[in-house]
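# Structure at a glance
The primary structure of each chain is shown beneath.
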Amino acid sequence: MNKQENPDQWKLPLYKIYSDDEDLNLITKIIKRGTKWAIGPEIEEFENEIKNYVGNDYCVTLNSGTSALHALFLAYGVGKDDEVIIPSFSFISTANSVLFVEGKPKFTDIEETTFGLDPTMVSKNISSKTKAIVPMDYGGLSCNIFEIKKIAKENNVILIEDAAEALGSSVKGKKTGSVADSSIFSFCGNKVLTTGEGGAVVTNSKNIYEKLKLIRSHGRIDKTNYFDNPDDPVYEMLGFNWRMSTITATLGLSQIHKLDKLIRMRQENAKYISSKISKFHQIKTPVAPDGYEHIYQM
């Protein structure tokens with residue numbers, strides 16, 4: 001076998017990040033500024049862009065999607081021995097975040113159309129100990145969120161959407177993440193909108209929003225930039241160091257300005273790949289159901 005036939009050269013990367021001069025220029029501007037690399041104004045700007053894009057009242061950014069989900073469980077008071085219904089098919093952080101607060105993950109099967117939680121199985125698995133339902137949107141396609149929301153409402157349980165992979169997708173005219181009580185997004189390297197690492201929560205609850213801001217920053221009340229405040233800080237509760245950096249938020253600002261373009265590129269790639277492999281009847285290519293927009297994160 002000669003060098004040109006080496007199978008190692010056939011390997012395709014899991015993902016490749018799209019970037020342009022806007023990313024580079026904005027980051028350079030922050031670096032040259034020489035200050036506010038933490039708690040800079042770009043963080044709130046990014047949060048405003050996310051909430052407006054999705055259609056929620058509030059957004060809080062954090063340093064990862066996992067931190068976002070962990071923080072939400074703390075904000076909602078999910079704790080020891082509370083059951084949380086999660087998909088049996090998801091990334092491990094969905095289950096880990098339940099364990100972080102000493103809750104009990106209750107694995108529930110998925111359905112074959114969206115690969116999200118099966119509403120019928122969710123209904124069967126609800127018990128008196130169920131505190132929350134956490135559906136996950138797989139690969140850039142919303143789950144059956146409206147059916148699951150109905151079940152959550154009928155049983156008076158919290159609905160938290162793990163939309164880590166689905167920012168920009170939509171279902172029945174609503175952006176993914178806008179239907180549940182609160183939802184999380186991830187900006188990890190392989191996401192359509194990426195900042196390398198990072199996450200966010202969107203919600204319409206001011207109470208949850210205020211709690212999340214405390215949880216992500218040592219339980220500290222920050223009415224002004226902590227690093228510019230000469231007064232003694234006030235610590236109201238136990239919190240963590242889960243803030244997003246200014247540079248990370250700046251990348252997010254640049255990326256969200258071209259999110260619709262990034263989604264179109266993904267959709268075109270998916271259409272091309274599907275056209276080439278659909279001739280093999282053994283392979284089923286992903287197709288968005290009626291009323292759903294698929295962003296093809298995977």
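Look above for the structure.
Below is a summary of the structure that appears in this document.

Definitions and cut-offs
- Residues numbered from 1 in each chain as written.
- Predicted model: local features only at pLDDT ≥ 70, side-chain atom pairs only at ≥ 80, totals over all residues.
- Heavy atoms only, no water.
- Core = buried A, V, L, I, M, F, W, Y, C linked by side-chain atoms within 4.5 Å.
- Buried < 20%, exposed > 50% of the residue type's maximum accessible area, 1.4 Å probe, protein only.
- Helix = DSSP H or I, 4+ residues; strand = E, 2+ residues; numbered from the N terminus.
- Contact = heavy atoms within 4.5 Å.
- Axes fitted to C-alpha atoms, helices over the stretch in contact; angles between N-to-C directions.
- Left-handed = near helix turned anticlockwise from the far one by under 90°.
- Nonpolar A, V, L, I, M, F, W, Y, C, P; charged D, E, K, R; others polar.
- Polar contact = N/O pair within 3.5 Å; in protein donor to acceptor, adjacent residues only side chain to side chain.
- Patch = residues over 30% accessible without salt bridge, like charges linked within 9 Å, V, L, I, M, F, W, Y side chains within 5 Å.
- Areas by Shrake-Rupley, 256 points an atom, 1.4 Å probe, with all protein chains shown as cover.
- Salt bridge = Lys/Arg side-chain N within 4 Å of Asp/Glu carboxyl O.

## As for the nonpolar core
Core analysis: the largest hydrophobic core is formed by 27 residues, its most contacted members being Leu-72, Phe-73, Val-84, Ile-160 and Leu-212. Among the elements of the structure, strand 1 (58-62), helix 3 (65-76), strand 2 (83-87), helix 4 (92-100), strand 5 (158-162) and helix 7 (206-215) are those that each provide at least two residues to this core. Top element by residues in this core is helix 3. It accounts for seven residues. Residues contacting Ile-160, with those up to four places away along its chain left out, are Leu-69, Leu-72, Phe-73, Tyr-76, Ile-133, Val-134, Pro-135 and Ser-182. By size, the runner-up hydrophobic cluster in this structure holds 22 residues, among which are Phe-46, Cys-59, Phe-187 and Ile-256.

## Structural notes on the packing of helix 2 (residues 41-54) against helix 8 (residues 246-257)
Where helix 2 meets helix 8, the axes come as close as 8 Å, and the angle between the chain directions of the two elements is 35 degrees. Viewed along their axes, helix 2 and helix 8 form a crossing whose handedness is left-handed. Side by side, helix 2 and helix 8 meet where Glu-42, Ile-43, Glu-45, Phe-46, Glu-49, Ile-50 and Tyr-53 of the first sit next to Thr-246, Ala-249, Thr-250, Gly-252, Leu-253, Ile-256 and His-257 of the second. Each residue belonging to the contact of helix 2 with helix 8 can be placed in one class, and the counts come to seven nonpolar, four polar and three charged.

## Remarks on the environment of Ser-186
With respect to the element layout, Ser-186 can be found in strand 8 (residues 182-186). Along the backbone, Ser-186 and Gly-219 are 33 residues apart, and their C-alpha atoms lie at a distance of 23 Å. In this structure the side chain of Ser-186 is engaged in a polar contact, spanning 3.2 Å, whose partner is the backbone nitrogen of Cys-188.

## Let's talk about a nonpolar patch on the surface
A cluster of nonpolar side chains, namely Leu-14, Tyr-15 and Ile-17, defines an oily patch on the protein surface of about 330 Å² accessible area. Mapped onto the fold, Tyr-15 is located in the segment before helix 1 (21-33). When its relative accessible area of 38% is taken as the criterion, Tyr-15 is described as partly exposed.

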